[in-house]
Amino acid sequence: MTPNGQGRPTGLLETTGEDPRRRARNLHLGEIHVVRFVPGTSPLHRMWAGTKLVALGLLSIALLLWPSWKSIGIMGALVLIAFLAARLPRGISPRLPWWLGGVLAAGAVLALVSGGQPDVHLGSLRVGLGGLGNFTRFSMVGVDVLASAALLGWTTPLADLSPALGRLLGPLRHLRVPVDELVGAIALSIRCLPLLLEEARVLRAARRARRPANPRSFRELGDESVEVVFGALANAIRRAREIAEAIEARGGVPTVAPETHPFVGIDVLALVISAMAVSAMAVLR
Amino acid sequence: MYANRTPWARRALEGIDLDLRRGEGLVVTGDNGSGKSTLAWSLAGLLVPTEGEVLLDGQPVVAGTGAVGISFQHARLQLIRPTVLSDVAYGADKDRATAALRSVGLDPVTMGPRRVDELSGGEQRRVALAGLLVRDPVLLVLDEPYAGLDDEARAGLAAVLARLRDEREMATVVVSHDLDNADLLGDRLVTLEAGRVAGEPSAWSGT
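A count of helices and strands for chain A gives nine helices and three strands. Written out in order from the N terminus, the α and β elements of chain A read β-α-α-α-α-β-β-α-α-α-α-α. Here chain A, with 285 residues, has 21% of them falling under the buried criterion. In chain A, the share of contacts with a sequence separation of at least 24, taken over all contacts with a separation of at least 6, comes to 78%.

Within chain B, the secondary structure is distributed over six helices and ten strands. Radius of gyration (C-alpha) of chain B: 17 Å, near the 17 Å computed for a compact globule of 207 residues. Each principal axis of the C-alpha distribution contributes one length, and for chain B these read about 50 × 40 × 30 Å. Every one of the 207 residues in chain B was classed for burial, and the buried ones make up 50%. Of the contacts made within chain B by residues no fewer than 6 positions apart, 69% connect residues no fewer than 24 positions apart.

Time to look at the nonpolar core. Judged by nonpolar contacts, the single largest core of 72 residues is most densely connected at Leu43, Ala44, Ala130 and Val141 of chain B. Counting residues per element, this core draws most heavily on helix H5 (residues 121-133) of chain B, at six residues. The contacts of Val141 of chain B, once residues within four sequence positions are left out, are Ala40, Leu43, Ala44, Val68, Ile70 and Val173 of chain B. Counting residues in hydrophobic clusters, the runner-up holds 28 residues, among them Met47, Ala62, Leu161 and Ala164 of chain A.

All names here are of chain A. Counted at 1.5 Å a residue, the expected span for helix H6 (residues 158-169) with its twelve residues is 16 Å, and the 17 Å between its end C-alpha atoms agrees. All buried positions along H6 are accounted for by Leu161, Ser162, Pro163, Ala164, Leu165 and Gly166. In this fold, the buried residues of H6 make contact with helix H2 (49-65) and helix H7 (179-210).

Here we take up the pairing of strand E2 (residues 25-30) of chain B. All names here are of chain B. For E2, a buried count of five out of six residues is recorded, marking the element as mostly surrounded by other parts of the structure. The pairing of E2 with strand E7 (residues 171-175) spans four bridges and is parallel. Bridge assignment links Val27 to a residue of E7, and that residue is Val174. For E2 and strand E8 (residues 188-193), the ladder comprises five bridges, and the chain directions are parallel. Bridge pairing in E8 links Val27 to Leu189.

Turning to the environment of Leu18 of chain B, a few remarks are in order. Mapped onto the elements, Leu18 of chain B comes out in strand E1 (residues 18-20). Separated by 60 residues in sequence, Leu18 of chain B and Gln78 of chain B place their C-alpha atoms 27 Å apart.

Helices that pack against each other are described as a pair by the angle of their axes relative to one another and the distance between those axes. Residues and elements named next belong to chain A. For the pair H2 and helix H9 (residues 265-284), the least separation of the axes is 10 Å and the interaxial angle reads 5 degrees. With respect to their mutual orientation, H2 and H9 come out roughly parallel. For the pair formed by H2 and H9, the contact residues are Thr51, Val54, Ala55, Leu58, Leu59, Ala62 and Leu63 on the first element and Asp267, Ala270, Leu271, Ser274, Ala277, Val278, Met281 and Ala282 on the second. A per-class count over the contact of H2 with H9 returns twelve nonpolar, two polar and one charged.

Bringing unusual backbone geometry into the picture now. Keep in mind that most residues, glycine aside, have a negative phi and that most peptide bonds are trans. In the segment running from Gln117 of chain A into Pro118 of chain A, the intervening peptide bond is cis, with an omega of -5 degrees. The residue Pro118 of chain A is located in the loop between helix H4 (98-114) and strand E2 (119-122) in this model. Of note in the backbone geometry, Ala194 of chain B takes a positive phi value of approximately 50 degrees without being a glycine. Within the fold, Ala194 of chain B resides in the loop between E8 and strand E9 (196-197). Judged by C-beta crowding, with 14 C-beta atoms within 10 Å, Ala194 of chain B ranks as partly exposed.

So, about the pairing of E2 of chain A. All names here are of chain A. In terms of strand pairing, E2 meets strand E3 (residues 125-128) through four bridges, oriented antiparallel. Residue pairing in the sheet places Val120 in a bridge with Val127 of E3. Hairpin geometry of E2 and E3 is characterised by an intervening segment of two residues between the two adjacent antiparallel strands and by a positive phi of about 65 degrees at Gly123.

Attention now goes to H5 of chain B. Counted at 1.5 Å a residue, the expected span for H5 of chain B with its 13 residues is 18 Å, and the 19 Å between its end C-alpha atoms agrees. Summarising burial for H5 of chain B: ten of the 13 residues are buried, a large majority. Residues of H5 of chain B that are buried include every one of Gln124, Arg125, Arg126, Val127, Ala128, Leu129, Ala130, Gly131, Leu132 and Leu133 of chain B, and no others. On its buried face, H5 of chain B is in contact with H7 of chain A together with strand E5 (68-71), helix H2 (84-88), helix H3 (94-103), strand E6 (139-143) and helix H6 (151-168) of chain B.

The next point concerns the domain arrangement of chain A. Residue and element names in this part refer to chain A. Domain boundaries assigned for chain A yield domain 1 (37-88 + 112-156 + 262-285) and domain 2 (161-254). Listed per partner, the contact involves six residues of domain 1 and four residues of domain 2. Partitioning the side of domain 1 that touches domain 2 into residue classes produces four nonpolar, two polar and no charged.

Rules used in this analysis
Residues numbered from 1 in each chain as written. Chains lettered and ligands numbered in written order. Predicted model: local features only at pLDDT ≥ 70, side-chain atom pairs only at ≥ 80, totals over all residues. Helix = DSSP H or I, 4+ residues; strand = E, 2+ residues; numbered from the N terminus. Buried ≥ 20, exposed ≤ 12 C-beta atoms within 10 Å, placed from the backbone. Contact = placed C-beta atoms within 7 Å. Rg over C-alpha atoms; globule rule 2.2 N^0.38 Å. Core = buried A, V, L, I, M, F, W, Y, C linked by C-beta atoms within 7 Å. Expected span 1.5 Å × (residues − 1). Pairing = 2+ DSSP bridges. Axes fitted to C-alpha atoms, helices over the stretch in contact; angles between N-to-C directions. Parallel < 35°, antiparallel > 145°, perpendicular 65-115°, else oblique. Nonpolar A, V, L, I, M, F, W, Y, C, P; charged D, E, K, R; others polar. Domains from an automatic or database assignment.

Here's what the structure looks like:
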């Protein structure tokens with residue numbers, strides 16, 4: 001190969017390793033880091049995955065049952081304390097897509113138009129803020145639940161979730177619930193998640209690379225979105241079929257590794273705090 | 001940098017300094033995780049490097065202009081429409097799609113109405129290639145084009161690429177860890193190791 005740097009630039013394509021002008025630029029196409037583990041030794045990292053699942057389940061259900069501002073505040077405070085206790089770096093927060101702000105703004109406008117008590121008088125104009133209040137409240141419920149789920153993902157290796165679920169659901173075996181099959185299916189889903197995310201990334205990139213240069217109408221954009229979603233679904237189904245065939249060829253439902261993580265003081269403390277938070281949500285609703 | 005300014009940040013590629021002329025073929029090889037696919041995505045403008053530049057005819061490469069076509073490891077993922085002809089014609093007219101199918105050695109009359117899911121791996125790869133050719137790219141980037149192909153399909157694909165380089169003066173970059181028939185895929189070989197070009201780049205005939 002002709003060594004580079006000699007007689008350039010003469011080629012069609014050139015790559016250069018350094019350009020300080022573009023140093024600050026950073027694009028990483030659709031990387032999703034919410035379900036990625038960040039290694040650490042914090043109390044949250046040492047906690048049993050089952051404890052985190054139970055706490056998250058209890059708090060989320062309580063928040064959905066009593067979605068008051070007080071409940072939102074309690075859950076938000078718990079998530080914030082847990083985030084600080086986990087000693088997670090600031091750069092961990094996901095960069096939200098630009099269109100999400102637009103969607104939320106459009107939702108807020110529609111909610112405002114819907115009116116509802118209480119009313120505010122702006123001169124001769126009466127504006128009902130009830131709808132906007134409800135929209136904001138339920139958006140915050142979503143933020144709380146998503147933040148707590150992200151916290152679980154950042155502090156728990158994906159491989160720890162299935163054994164923890166196996167232990168948690170173990171008593172259901174006495175009721176003839178097919179726990180092993182259920183946990184096996186969940187374990188496979190968790191294992192396949194990164195694969196599906198990578199395929200979705202390729203689907204998006206392929207479409208972006210082949211997209212016609214001319215501007216597209218809203219209808220074409222809509223059609224394109226539908227095609228991407230159904231393309232991802234078709235690939236997921238194909239992948240599931242391949243995995244099922246592989247499982248059959250290897251003799252049936254895969255076994256999940258037995259849980260060996262100890263249940264220690266930090267787990268008890270986390271469950272007590274969660275129970276207290278749920279009680280507070282119920283009382284203050 | 002991959003995932004820059006996050007806890008998962010790592011340098012995917014470093015000091016890559018390459019140039020390629022019209023009609024030239026470059027083969028990039030390396031172990032898993034050496035940065036081959038990241039390089040392919042960067043060359044196609046799908047990833048913008050945090051440091052450095054990828055220039056096409058002196059201008060930063062931009063995805064979606066049609067000047068660079070990229071074929072991914074799983075060809076099925078880039079087949080967007082249900083039938084062969086409708087897929088190749090995505091973003092172009094039917095006549096160009098027909099010509100593109102012919103240029104990759106597929107008969108538009110028999111292949112055009114076929115469903116993309118019914119095709120073999122080699123046929124899917126060729127249809128994906130035709131879908132790129134309709135936009136007259138000056139550079140084709142192929143990420144692991146041999147994946148899942150038998151010997152016959154590999155030889156056929158290599159011959160198609162060699163013909164495209166000769167007839168259309170199209171430059172090709174083939175990223176592959178599989179070097180079977182790779183001398184047909186390009187004139188030069190670059191080996192990546194941990195995101196860097198390993199050793200001195202060498203002429204294909206000298207390796």
